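Close look at the chain arrangement
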Amino acid sequence: MAGGKIKKEKLRNGSAGGGGNPHFQGGIPFHKSKGQHILKNPLLIDSIIQKSGIKPTDVILEIGPGTGNLTKKLLEAGKSVIAVEVDPRMVLELQRRFQGTPFSSRLKVIQGDVLKCELPYFDICVANIPYQISSPLTFKLLSHRPLFRCAVIMFQREFAMRLVAQPGDTLYCRLSVNTQLLARVSHLLKVGRNNFRPPPKVDSSVVRIEPRKPLPPVNFKEWDGLVRICFNRKNKTLGSIFRQKTVLSLLEKNYKTLQALQLSHEGSSDDTEMALAVSALGDTLEDLSMDVDDGRDDEEMEVEDGNAKGSEFKEKVLNVLKQGDFEERRSSKLTQTEFMFLLSLFNKAGIHFS
């Protein structure tokens, strides 16, 4: 991970505020509960613009522009800016700020919730987003068609570290695996909390996300079903996880249903269906508490079932793990390639996850 630190700018004219007092810019109070933390350090803004690699011909998407500190620099660097802002007060401030300037014709403001809006075409996304929408927004962007060139986004630091985590890292999780399946992710900058007004309670990081072109040839619903099971107890062996009664029951139900209907689970080539499946990857991802390990011993999780048919299916599942030498492996150390191989082994055995 490449990265550096941005020097914190000292506050001028006293403190930006403390305790429960509102913070203002241009007479507008900011609400922390809505994720409104405005970038106030011009050196940081310049660094983000530089590292974004914006071209003069780029249509830029900005999410949560606030009062327009970053917006101004984006307008100077690119062809046009599409700013999506949910707060009508900020929309009016943006329009007021750029009205009568050469930038007014190149700025389009969409008032609404970015997670519910249909996004227009854009080449690059540069944004300081409300942190509570990090997961769903990441996958909404990656599901956008046509694919954009890259996104440079400010995230809460721990979330950013999960995005870029590698196999074996403590923070490597389902979020890491799903994001890196769809995109190349790199850490650009660590940003201290005092670069914002009002300052958030946590540090932040700027991350670059570049969608993979073409996307890997996998069924994304199947993929996420497998990864979800593997990371439910990521510090246990896969052999232990796939012995759980709940896991076996789910897989056996899928197995019997597909056998009865004789359905094919080949990955869809339809671009719209693929985009919907990608977007769904973020629907159930929590930003920071995605992986649960209850600490119980492997033996406690094993299936105690004398049913002959149940035992037969259990052996079928375990044979897949043995075939790929996965039984003693842990999901926290599996690479993207190994997850793909494991999914292909299960599918060849007629075992599916969606």
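Please read all numbers here as calculations on a predicted model, not as lab measurements.

Moving on to the packing of aromatic side chains. Evaluated as defined, the whole model comprises 11 aromatic pairs. Ring geometry for Tyr172 against Phe231: centres 5.9 Å apart, planes inclined by 70 degrees, an arrangement best described as edge-to-face. On the criterion of sequence distance, the pair formed by Tyr172 in the loop between helix H5 (157-164) and helix H6 (174-182) and Phe231 in helix H7 (residues 220-232) is long-range, its members being 59 residues apart. Here Tyr172 and Phe231 have matching classes, each one buried. A connected cluster of aromatic rings, assembled from ring pairs, spans Tyr172, Trp223, Phe231 and Phe339.

Quick look at helix H13 (residues 336-348) now. Owing to its 3.6 residues per turn, the α-helix brings residues three or four apart onto one side. Between its terminal C-alpha atoms H13 stretches 18 Å, which fits the 18 Å expected from 13 residues at 1.5 Å a residue. Residues of H13 that are buried include every one of Gln336, Phe339, Leu342, Leu343, Leu345 and Phe346, and no others. Among the residues trailing H13, Gly350 stands out with phi positive, at a value near 80 degrees.

We now examine the side chain of Gln336. Mapped onto the elements, Gln336 comes out in helix H13. In contact with Gln336, other than residues within four places in its own chain, are Ser176, Val177, Gln180, Leu181 and Trp223.

Here we come to empty space enclosed by the protein. With the rule as written, the count across this model stands at one cavity of 30 Å³ or more. The space that makes up the largest cavity amounts to roughly 40 Å³. Every residue along the wall of the largest cavity is listed here: Ile48, Leu70, Val126, Ala127, Asn128, Val152, Ile153, Met154 and Val206. Put simply, the parts of the chain that give the lining of the largest cavity at least two residues each are strand S8 (124-128) and strand S9 (150-156). Its residues assigned to classes, the lining of the largest cavity shows eight nonpolar, one polar and no charged.

Here the focus is the pairing of strand S12 (residues 204-211). Consecutive residues of a regular strand have side chains that alternate between opposite faces of the sheet. In terms of residue burial, S12 counts as a mostly covered element, since seven of its eight residues are buried. In the sheet, S9 pairs with S12 via six bridges, with the strands oriented antiparallel. Note that in S12 the partner of Ile153 across the bridge is Val207.

What counts and what doesn't
Residues numbered from 1 in each chain as written. Predicted model: local features only at pLDDT ≥ 70, side-chain atom pairs only at ≥ 80, totals over all residues. Heavy atoms only, no water. Phe/Tyr/Trp six-rings, centres within 6.5 Å; stacked < 30°, edge-to-face > 60°. Helix = DSSP H or I, 4+ residues; strand = E, 2+ residues; numbered from the N terminus. Buried < 20%, exposed > 50% of the residue type's maximum accessible area, 1.4 Å probe, protein only. Expected span 1.5 Å × (residues − 1). Contact = heavy atoms within 4.5 Å. 1 Å grid on protein atoms, 1.4 Å probe; cavity = no way out; pocket = protein on both sides within 12 Å on 5 of 7 lines; lining within 4 Å. Points joined across faces, edges and corners; volume = space filled by probe spheres on them. Nonpolar A, V, L, I, M, F, W, Y, C, P; charged D, E, K, R; others polar. Pairing = 2+ DSSP bridges.

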